Amino acid sequence: MNNIETIFLGIVQGLTEFLPVSSSGHLVIFEKVIGLKEPEILLDASLHFGTLIAVCIYFRNDLVNMVTELWSFVLPGSKKQDVAGPNAHLALMVVLGSVPTAIIGLLFKDSLEKAFGSLFLVGIMLMITGTIVGITRLIPKSHNTAMRVGPLIALAVGTVQGLAIMPGISRSGSTIVCALLLGLNRELAGRFSFLLAIPAIVGAVILQLDADAIHRVGAVPLILGLVSSGIIGFLALKLLMGIVKKGLFYYFAPYCWGVGLLTLYFS
């Protein structure tokens, strides 16, 4: 692949990773358009790593507070807290929610990777994503009042995140909608979804490390794709958090349905 192609895919990844339209589905579509005969999983992982950096920068204050408070809670010392504070609790819920994600990813890694080559499947999954985000139009504002992520919510959202590895299913869309349906307020639903994405993306990148793939794609194109996905991803994340707070998530449903139908037509 050349540098322009990977930069382009990085822009696609950055735009679609956080917006509820499925970055993996769009990468499959555009990789086919570019002419890749087989999906390059390491390239996808590299682009996801760029958006991981964007998440860490955007939520840097949350991450610092979570680590600091968790450190005080877990480690013995004169300043040890007897009860987990809100940031330490959120960190523990991220760890708990990552368990089902990891189990699903490890058990179904090979079969799910095969799905990255099917445009027909991507089209179906995009239409399902449209339905998922469209559901938010029916959730009354009074329903979303919970200010704390409980263990059951963490496990449920983590399970949904694991299932969202299917290309065409939006990770952000499905996890945020799951959190909203379970009663979390909009801002916390968005924060928890993206904080939960951090260990998931790290795990995916580690699983896809492949020296042969680096040689095939090239180190420079991988870096350029990573940088472009990170920059665009940061801007898209700022946009989406505003959309989630305003309760306008369902605006993306027609787009997902339209792209899904077009993908089915050309598959």
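Everything numeric here is computed off the predicted structure, so don't read it as measured data.

**Describing the overall build of the protein**
Logical step 1: Across its full length, the protein carries 13 helices and zero strands.
Logical step 2: In sequence order, the protein lays out its α and β elements as α-α-α-α-α-α-α-α-α-α-α-α-α.
Logical step 3: Burial status across the protein gives 48% buried among its 267 residues.
Logical step 4: Pairs at least 24 apart in sequence give 81% of the contacts found in the protein among residues at least 6 apart.

**Examining helix α13 (residues 253-266)**
Logical step 1: For α13, which comprises 14 residues, the first-to-last C-alpha distance of 20 Å matches the rise-based estimate of 20 Å (1.5 Å per residue) to within 8%.
Logical step 2: Three or more residues of α13 are buried, namely Ala 253, Cys 256, Val 259, Gly 260 and Thr 263. Buried residues of α13 fall within an arc of 135° about the axis and therefore sit on the same side. Within α13, the exposed residues directed more than 90 degrees away from the buried face are Pro 254, Leu 262, Tyr 265 and Phe 266.
Logical step 3: Those residues of α13 that are buried lie in contact with α2 (23-34) and α7 (119-134).

**Remarks on the packing of aromatic side chains**
Logical step 1: Counted under the stated rule, the structure contains seven aromatic pairs.
Logical step 2: Ring centres of Phe 18 and Phe 194 lie 5.4 Å apart, and the angle between their planes is 80°; this geometry places the pair in the edge-to-face category. Placement of the pair is Phe 18 in helix α1 (residues 3-18) and Phe 194 in helix α10 (residues 186-207), with a sequence separation of 176 residues. Across the pair, exposure class does not vary: Phe 18 and Phe 194 are buried alike.
Logical step 3: When the centroid spacing of 6.4 Å and the interplanar angle of 25° are considered together, the rings of Phe 59 and Phe 194 count as stacked. Residue Phe 59 is located in the loop between α3 (41-58) and α4 (60-74), and its partner Phe 194 is located in helix α10; the two are separated by 135 residues in the primary sequence. For the pair shown, Phe 59 and Phe 194 are each scored as buried.
Logical step 4: In this structure, Arg 137 packs its charged tip against the face of Tyr 250, placed 5.0 Å from the ring centre.

**Notes on the packing of α4 against helix α5 (residues 86-107)**
Logical step 1: Following both chains from N to C, one finds α4 and α5 inclined at 95°, their axes separated by 7 Å at the closest point. Between α4 and α5, the angle is such that the two are roughly perpendicular. Here Asn 65, Met 66, Glu 69, Leu 70 and Phe 73 of α4 come into contact with α5, specifically with Pro 86, Asn 87, Ala 88, Leu 90, Ala 91, Leu 92 and Val 94.

**What to know about the nonpolar core**
Logical step 1: Judged by nonpolar contacts, the single largest core of 45 residues is most densely connected at Phe 18, Val 149, Ile 176, Phe 192, Phe 194 and Leu 240.
Logical step 2: For this core, the elements supplying multiple residues, two or more each, are α3, α5, α8 (151-163), α9 (171-181), α10, α12 (219-246) and α13.
Logical step 3: When residues of this core are assigned to their parent elements, the largest contribution, 10 residues, is made by α10.
Logical step 4: Every residue in contact with Phe 18, bar those within four places of it in the chain, is listed here: Thr 51, Ala 54, Val 55, Ser 172, Phe 194, Gly 233, Phe 234, Ala 236, Leu 237 and Leu 240.

**What to know about the confidence of the model for the protein**
Logical step 1: In the predicted model, the protein carries a mean pLDDT of 86, and 87% of its residues have values of at least 70.
Logical step 2: Highest mean pLDDT in the protein belongs to α8 (95); lowest belongs to helix α11 (residues 211-217) (61).

**With respect to the pattern of salt bridges**
Logical step 1: For the structure on display, the rule yields one salt bridge.
Logical step 2: Between Arg 191 and Asp 62 there is a salt bridge; the shortest N-O distance is 2.7 Å. Residue Arg 191 is found in helix α10, and its partner Asp 62 is found in helix α4; the two are separated by 129 residues along the sequence.
Logical step 3: With a relative accessible area of 18%, Asp 62 lands in the buried category.

Reading guide: rules and limits
- Residues numbered from 1 in each chain as written.
- Predicted model: local features only at pLDDT ≥ 70, side-chain atom pairs only at ≥ 80, totals over all residues.
- Heavy atoms only, no water.
- Helix = DSSP H or I, 4+ residues; strand = E, 2+ residues; numbered from the N terminus.
- Buried < 20%, exposed > 50% of the residue type's maximum accessible area, 1.4 Å probe, protein only.
- Contact = heavy atoms within 4.5 Å.
- Expected span 1.5 Å × (residues − 1).
- Arc of directions from axis to C-beta.
- Phe/Tyr/Trp six-rings, centres within 6.5 Å; stacked < 30°, edge-to-face > 60°.
- Lys NZ or Arg CZ within 6 Å of the ring centre and 35° of its normal.
- Axes fitted to C-alpha atoms, helices over the stretch in contact; angles between N-to-C directions.
- Parallel < 35°, antiparallel > 145°, perpendicular 65-115°, else oblique.
- Core = buried A, V, L, I, M, F, W, Y, C linked by side-chain atoms within 4.5 Å.
- pLDDT = per-residue confidence, 0-100.
- Salt bridge = Lys/Arg side-chain N within 4 Å of Asp/Glu carboxyl O.

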